[in-house]
Amino acid sequence: MGQAQEHEMDGFSLGTPALVCRWRLAAGTLLLENRHMRALSRRVVNGRPISRELVAWAKQHVEWTLAEGSCEHPDGVLMLIVDETGAAAMTVGPYEPLAKRFTRALANRARNAEREQDETDVAPEVLFASADGRLLAGMAADAVPCGCMSLVLQLSATLGIPVEYDPDLLESLGNGTLEVEGLFLASDEHGIVMASDCSDKMCERFEVSYKRLFDSAHNKRR
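What you see is a predicted model; the values in this text were computed from it and never measured.

Here is what the cut-offs are and how they apply
- Residues numbered from 1 in each chain as written.
- Predicted model: local features only at pLDDT ≥ 70, side-chain atom pairs only at ≥ 80, totals over all residues.
- Heavy atoms only, no water.
- Helix = DSSP H or I, 4+ residues; strand = E, 2+ residues; numbered from the N terminus.
- Contact = heavy atoms within 4.5 Å.
- Polar contact = N/O pair within 3.5 Å; in protein donor to acceptor, adjacent residues only side chain to side chain.
- Pairing = 2+ DSSP bridges.
- Axes fitted to C-alpha atoms, helices over the stretch in contact; angles between N-to-C directions.
- Phe/Tyr/Trp six-rings, centres within 6.5 Å; stacked < 30°, edge-to-face > 60°.
- Buried < 20%, exposed > 50% of the residue type's maximum accessible area, 1.4 Å probe, protein only.

**Q** So what's going on with the environment of Y95? Residues and values would help.
**A** Note that Y95 resides in the loop between strand 7 (88-93) and helix 3 (103-120). Y95 sits 52 residues away from R43 along the chain, and the two C-alpha atoms are 24 Å apart. When residues no more than four places from it in sequence are discounted, the contact partners of Y95 are R24, D75, G76, V77, E189 and H190. A polar side-chain atom of Y95 sits 2.8 Å from a polar atom in the side chain of H190.

This is the structure:
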């Protein structure tokens, strides 16, 4: 998988990318694999749903070729590229940590992800905030969660933390009409990332839970 794996016959060349999914690896395995595949099946490209065939192809390549294809970057990023016709390719690249983790930087990433949601129905990154013992999710309640967001929702249920959906969260934070104790970004590529300019025990629990999941993947490979 160091070379792009193509969802077509030999001689096919990928067209203009319409969707690029970036999923974090750990020890040569795809973290949140089932969650990513569920979210992939809900995405659209140029107004057309992702086909079952493409989802099955993606799962097959992860199961059959990822271990070998990720040898150079076992903790890298698996990229799935889909062009405007629905054809696809996969490749693995190095992981680059976020250089900027403060609140404004995370909010900007979430805002860019909202634009992707408008085009593909799924935002790959979502901002969460803690306030008054509850977790605020920066999207509508009927929105399709990305893989990492679905993990956050399950963790919140396990931890007994209520979740409220607020599609205007970014706007409220930007104009100062909402006070929060902490913030984190739920990202398919970067995992759960706390804002570096705030400290909050609730948010820390989510970040630590993701790190444990990452470490567990390494322990299984030993």
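**Q** Can you explain the sheet that holds strand 10 (residues 163-165)? Please cite residues and give values.
**A** Ordered in space as 10-9-8-11-12, the five strands form an open sheet in which the pairing is mixed. Each end of this open sheet is capped by a strand with a single partner; those strands are strand 10 and strand 12 (191-194). Averaged over neighbouring strand pairs, the angle between their axes works out to 25° when direction is ignored. Two strands pair when backbone bridges link them, and strand 9 (residues 134-137) and strand 10 are joined in this way by three bridges, in the parallel orientation. Among the inter-strand pairings, A137 is bridged to a residue of strand 10, identified as Y165. On the sheet, helix 3 packs against strand 8 (125-131), strand 11 (182-187) and strand 12 and is oriented at approximately 130° with respect to strand 8. Along the sheet face, helix 4 (residues 147-159) touches strand 8, strand 9, strand 10, strand 11 and strand 12 and points at about 130° away from the line of strand 11.

**Q** Could you give me a rundown of the packing of aromatic side chains, with the residues and numbers involved?
**A** Counted under the stated rule, the structure contains two aromatic pairs. Judged by centre distance (5.2 Å) and plane angle (15°), the rings of F128 and F184 are stacked. With a gap of 56 residues between them, F128 in strand 8 and F184 in strand 11 connect regions that are remote in the sequence. Residue F128 is classed as buried on the basis of its relative accessible area of 0%.

**Q** Outline the side chain of S187, supporting the account with residue identities and numerical values.
**A** Inspection of the secondary structure puts S187 in strand 11. A polar contact of 3.0 Å, which involves the side chain of S187, links it to the backbone nitrogen of H190. The contact partners of S187, leaving out residues within four places of it in the chain, are P124, E125 and C148.

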